[in-house]
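Observations on chain architecture
As a plain string of letters, each chain reads:
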Amino acid sequence: MSRMVRALGDLEATIMDRMWSYHRPASVRDVLEDLRREREIAYTTVMTVMDKLHKKGLLRRQPVGKAYVYETVTSKEAYTAGLMRETLASSGNQAATLVHFLERLTPEESAALESALQVYPPKGRQA
């Protein structure tokens, strides 16, 4: 992602979670019908939020008839990694921030970190 990564609002996050879960392009109507299983929401609200997500660079769209079909630009994992990197970069003291982060890892998160380091060892570390 070339743009600055920003945290999403509640409805933006909900819509992005749905879009990531589909693994395929979707229309505003597709997302609307999905969301209406859990809440009352207007078509124009979903359309506006998806347009904002497009302008933020998280969704790309193609015209199909009189509407657009949207798809995600990146994976949820890549988006989350971008948020993590931006937060770390803005922390002031990256080493201290990482120590605090590591101190708070659950056993499951610690195991995931160990697995990730096996796949992608840090620069300068022998594989």
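Described in the following lines is the structure provided in the data block. (Residues numbered from 1 in each chain as written. Predicted model: local features only at pLDDT ≥ 70, side-chain atom pairs only at ≥ 80, totals over all residues. Heavy atoms only, no water.)

A few words on the packing of aromatic side chains. The geometry of an aromatic ring pair is captured by two quantities: the separation of the ring centres and the angle between the planes. What the rule picks out here adds up to two aromatic pairs. Considering the side-chain rings of Trp20 and Tyr79, the 5.8 Å spacing of their centres and the 40° angle between planes classify their relative orientation as tilted. Taken together, the residues span a long stretch of sequence, with Trp20 in helix H1 (residues 10-22) and Tyr79 in helix H4 (residues 76-89) at a distance of 59 residues. Residue class for Trp20 comes out buried when judged on its relative accessible area of 11%. The ring of Tyr22 is capped by Arg24, whose NZ or CZ atom sits 5.0 Å from the centre of that ring. (Phe/Tyr/Trp six-rings, centres within 6.5 Å; stacked < 30°, edge-to-face > 60°. Helix = DSSP H or I, 4+ residues; strand = E, 2+ residues; numbered from the N terminus. Buried < 20%, exposed > 50% of the residue type's maximum accessible area, 1.4 Å probe, protein only. Lys NZ or Arg CZ within 6 Å of the ring centre and 35° of its normal.)

Turning next to helix H3 (residues 43-55). Compared with an ideal rise of 1.5 Å per residue, which puts 13 residues at 18 Å, H3 spans 18 Å between its outermost C-alpha atoms and is within 8% of the ideal. Residues of H3 that are buried: Val46, Val49, Met50, Asp51 and Leu53. (Expected span 1.5 Å × (residues − 1).)

Our focus in this paragraph is the pairing of strand E2 (residues 59-64). Across six bridges, the pairing between E2 and strand E3 (residues 67-72) is antiparallel. Following the sheet pairing, Gln62 is matched in E3 by Val69. Once E2 ends, the chain turns through two residues before running back antiparallel as E3, passing Gly65 with a positive phi of about 65°. (Pairing = 2+ DSSP bridges.)

Ile15, Met19, Val31, Val46, Met50 and Leu53 are the most contacted members of the largest nonpolar core, which has 21 residues in total. In terms of residues, this core owes the most to one element, H1, which gives six residues. If we ignore the near neighbours within four places in the chain, the residues touching Met50 are Ile15, Met19, Ala26, Ser27, Val28, Val31, Leu59 and Tyr70. (Core = buried A, V, L, I, M, F, W, Y, C linked by side-chain atoms within 4.5 Å. Contact = heavy atoms within 4.5 Å.)

A word on the packing of helix H2 (residues 28-35) against H3. For any two helices packed against each other, one specifies the inter-axial angle together with the distance between the axes. Here H2 crosses H3 at 120°, and the two axes come no closer than 9 Å. Viewed along their axes, H2 and H3 adopt a mutual orientation that is oblique. Like other packed secondary-structure pairs, H2 and H3 cross with a definite hand, here right-handed. Here Val28, Arg29, Val31, Leu32 and Leu35 of H2 come into contact with H3, specifically with Tyr43, Val46, Met47 and Met50. Taken together, the residues of the contact of H2 with H3 break down into eight nonpolar, no polar and one charged. (Axes fitted to C-alpha atoms, helices over the stretch in contact; angles between N-to-C directions. Parallel < 35°, antiparallel > 145°, perpendicular 65-115°, else oblique. Left-handed = near helix turned anticlockwise from the far one by under 90°. Nonpolar A, V, L, I, M, F, W, Y, C, P; charged D, E, K, R; others polar.)

Turning to the pattern of salt bridges, a few remarks are in order. According to the stated counting rule, one finds nine salt bridges in the structure shown. As a salt-bridge pair, Glu12 and Lys56 come within 2.8 Å of each other at their nearest N and O atoms. Taken together, the positions of Glu12 in helix H1 and Lys56 in the loop between H3 and E2 put the pair 44 residues apart, joining distant regions of the chain. The class for Glu12 is buried, based on a relative accessible area of 12%. With a closest N to O distance of 3.9 Å, Glu103 and Arg104 form a salt bridge. Side by side, Glu103 and Arg104 carry an identical accessibility label, which is exposed. Through salt bridges with shared partners, one network takes in Arg18, Asp34, Arg37 and Glu38. (Salt bridge = Lys/Arg side-chain N within 4 Å of Asp/Glu carboxyl O.)

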